[in-house]
Amino acid sequence: MEKAFIKANEMVKDAEDIKIYSHIDCDGITGGSILSILLDRIDKEHELEFISLDKMEDIKIDNELTIFSDLGSGQHLDGFGSSLSKILILDHHPPVRKFNTKIKVSNGEFIEINPFYFGIDGSYEVSGGGLAYLLARSFGFYDLSWMGVLSAIGDMQDGLSGKLTGLNRYILEDGIENNLVKSINDLSIYGRQTRPIFVALSYFGDVNLPITNNKTECILMLKKLGIPRKNGRRQRSLCDLTVEEKGKIFSELVRMLSKEVPPKYIKYVPKLVSGDSYDFLGEKKYSPQRDATEFSTAINACSRHNHPEIALEVLKGDRRLALESMEHLTMDHRRYLAQKIEWIENEDRIIPLPNIQYFDGNDIKSEVIGTIAGMILSYGNWRKPIIGFTNIEDEKGIVKISLRCSRLLAHDGIHFGKIIRRVAEKVGGSGGGHPVACGAYIPEDSTNKFLELFNETLKGSI
Ligand SMILES: [Mn+2]
């Protein structure tokens, strides 16, 4: 892999006119930003475009060098005509080509760097942005390592183990050595920098606890544990708590969870409650950019509302106008989610089947149906996965499906990404993803069949 990066480094050095296509999600946007900073620094003309996978077919290759970032490996790319452009693919998704095979129609130089070619698992050990960083690293730009960490977190590569492993760890170490990242074993509760602790606790949703969606219970819990909620007039966030205070919350959560979950799950309980978190030391305390997970949410808010360029500017260093726009988008995003969740709740739209539960998302934007499924899980039954579906704008007849579930089910060995792929294919669609967060596209008229089949498939395993 190191050799491949040396070749890629030369390819980039030799080119004067470069086009980057990067995936329009947190990982892809961060990876694209890393590449753009790299090319700025070595004085290369370049253009950067963020695209979704379904737009890959429409790409025209007419630059001297085309770089694909966080995409390209999963596509055959045979429709490009006989292009003379050199092609560099930096992707961590399972590759469709064998190692060292060129795409069929390219006449120019071709390099594809994919961790799977080197025995590295692209789902957990390195992200698309991580690969972009490794290229920047070959030019000596270690200061971009924090962005490699952000990409991995945005891609949920720490998903099951609760920490970064493999090549991600190596990238993290660059960040730590250069004083850009601090790795902290912490409570795994979202909103470490920006949410008051009692609010953050109320979003605990892997298992429904008395504190879930109940801020009053959270305040009482903190009182009982003797943990002050405020520091003077300021609400304290998780990042303000002492190690002892966090320890008390940890024990209390473990106690509550152990009462709630069936015995076979008890051994996984500590993993639900703690994990590694990453602080970006160059960012202001109490800002969403300070915490890797919160930063990735803000980037997702930009991409889901079709403004990846705002996240790009922030990632490239703009902490004024672009940051302000990002904050606005994050607020709009949050408001939109809250509205839709209230609607699902008030209308009792979650329908239970024996092994799954589902809701018809109706007019929910397809870009956020997964986010909403994840949030609404805490209003349903955590023992079953929740499936949401909605129509896709400008693609008639196709429905987007998203599934989310408690991490406990994945710890128990169920991989919903694999299951959803199989079931989607049976009804003439396609799908895939992570064990606890995945999705599919299927023909609209097969939605009921899909739900039935899915429910059938899980018989005996939930
Ligand atoms: Mn990715």
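As the structure is a computational prediction, the values presented were derived from the model and not from experiment.

A look at the overall build of the chain
Of regular secondary structure, the chain possesses 16 helices and 15 strands. In terms of overall size, the chain behaves like a compact globule, its C-alpha atoms giving a radius of gyration of 22 Å where 462 residues would be expected to give roughly 23 Å. Taking the principal axes of its C-alpha atoms as reference, the chain extends roughly 65 × 55 × 40 Å. Residues counted as buried form 47% of the 462 residues belonging to the chain.

Concerning unusual backbone geometry
Trans peptide bonds make up most of the peptide bonds, and negative phi angles are found at most residues other than glycine. In this model, Asn 213 sits at a positive phi of 55°, which is unusual for a non-glycine residue. Summarising the element assignment, Asn 213 is placed in the loop between helix 6 (197–202) and helix 7 (215–225). The backbone of Asn 362 sits at a positive phi, close to 50°, despite the residue not being glycine. Here Asn 362 is to be found in the loop between strand 11 (357–360) and helix 13 (369–376). Judged by C-beta crowding, with 14 C-beta atoms within 10 Å, Asn 362 ranks as partly exposed.

Focus: the domain arrangement of the chain
Each assigned domain of the chain is listed with its residue range as follows: domain 1 (2–178), domain 2 (181–280), domain 3 (290–346) and domain 4 (348–457). Look at where the C-alpha atoms of domain 2 and domain 3 centre, and you get two points 24 Å apart. Contacts between the two partners involve 9 residues from domain 2, matched on the other side by 5 residues from domain 3. Counted by class, the side of domain 2 that touches domain 3 contains 3 nonpolar, 4 polar and 2 charged residues.

Some thoughts on the sheet that holds strand 14 (residues 430–433)
Read across the sheet, 6 strands follow the order 10-11-12-13-15-14 without closing on themselves; strand pairing throughout is mixed. At either margin of the open sheet sits one strand with a lone partner, and together these are strand 10 (351–352) and strand 14. Bridging between strand 12 (residues 386–392) and strand 13 (residues 395–404) involves 7 bridges; their strand directions are antiparallel. Directly across from Ile 386, in strand 13, lies its bridge partner Arg 404. Lying on the sheet, helix 13 is in contact with strand 11, strand 12, strand 13 and strand 15 (437–443); it crosses strand 13 at an angle near 35°. Helix-sheet contacts for helix 15 (residues 416–426) involve strand 13, strand 14 and strand 15, and the interaxial angle to strand 14 is about 180°.

Some remarks on the packing of helix 12 (residues 321–346) against helix 13
Axis separation between helix 12 and helix 13 bottoms out at 10 Å; the angle between their running directions is 55°. In terms of their interaxial angle, helix 12 and helix 13 are classed as oblique. Relative to helix 13, the crossing made by helix 12 is right-handed. Between helix 12 and helix 13, the contacting residues are Leu 337, Lys 340, Ile 341 and Ile 344 on the first element and Thr 371, Ile 372, Met 375 and Ile 376 on the second. Tallied by class, the residues present in the contact of helix 12 with helix 13 amount to 6 nonpolar, 1 polar and 1 charged.

Focus: the pairing of strand 1 (residues 17–23)
Most of strand 1 sits out of view: 6 of its 7 residues are buried. Strand direction decides the pairing type here: strand 1 and strand 2 (residues 45–51), joined by 7 bridges, are parallel. Across the sheet, Tyr 21 pairs through a bridge with Glu 49, a residue of strand 2. Handedness of the crossover is the feature at issue here: the chain leaves strand 1, passes through helix 2 (residues 26–41), returns alongside strand 2, and the resulting connection is right-handed. The pairing of strand 1 with strand 3 (residues 65–69) spans 5 bridges and is classified as parallel. Residue pairing in the sheet places Lys 19 in a bridge with Thr 66 of strand 3.

A closer look at the environment of Lys 7
Within the element layout of this structure, Lys 7 appears in helix 1 (residues 2–14). Residue Lys 7 is classed as partly exposed on the basis of its 14 C-beta neighbours within 10 Å.

A few points about helix 11 (residues 308–315)
Summarising burial for helix 11: 7 of the 8 residues are buried, a large majority. Contacts made by the buried residues of helix 11 are with helix 2, strand 2, helix 4 (145–154), helix 10 (292–304) and helix 12. Where helix 11 terminates, the next one or two residues include Gly 317, which has phi positive at roughly 120°.

A closer look at the nonpolar core
Counting residues in hydrophobic clusters, the biggest one holds 61 residues, and the most contacted among them are Leu 90, Val 149 and Ala 311. Discounting residues that sit within four places of it in the chain, Ala 311 has contacts with Ile 29, Ile 299, Cys 302, Ser 303 and Met 326. Residues Ile 356, Ile 386, Ile 420 and Ala 437 belong to the second largest nonpolar core, which totals 56 residues.

Criteria and thresholds
Residues numbered from 1 in each chain as written. Predicted model: local features only at pLDDT ≥ 70, side-chain atom pairs only at ≥ 80, totals over all residues. Helix = DSSP H or I, 4+ residues; strand = E, 2+ residues; numbered from the N terminus. Rg over C-alpha atoms; globule rule 2.2 N^0.38 Å. Buried ≥ 20, exposed ≤ 12 C-beta atoms within 10 Å, placed from the backbone. Domains from an automatic or database assignment. Contact = placed C-beta atoms within 7 Å. Nonpolar A, V, L, I, M, F, W, Y, C, P; charged D, E, K, R; others polar. Pairing = 2+ DSSP bridges. Axes fitted to C-alpha atoms, helices over the stretch in contact; angles between N-to-C directions. Parallel < 35°, antiparallel > 145°, perpendicular 65-115°, else oblique. Left-handed = near helix turned anticlockwise from the far one by under 90°. Right-handed = clockwise from strand over helix to strand, strands pointing away. Core = buried A, V, L, I, M, F, W, Y, C linked by C-beta atoms within 7 Å.

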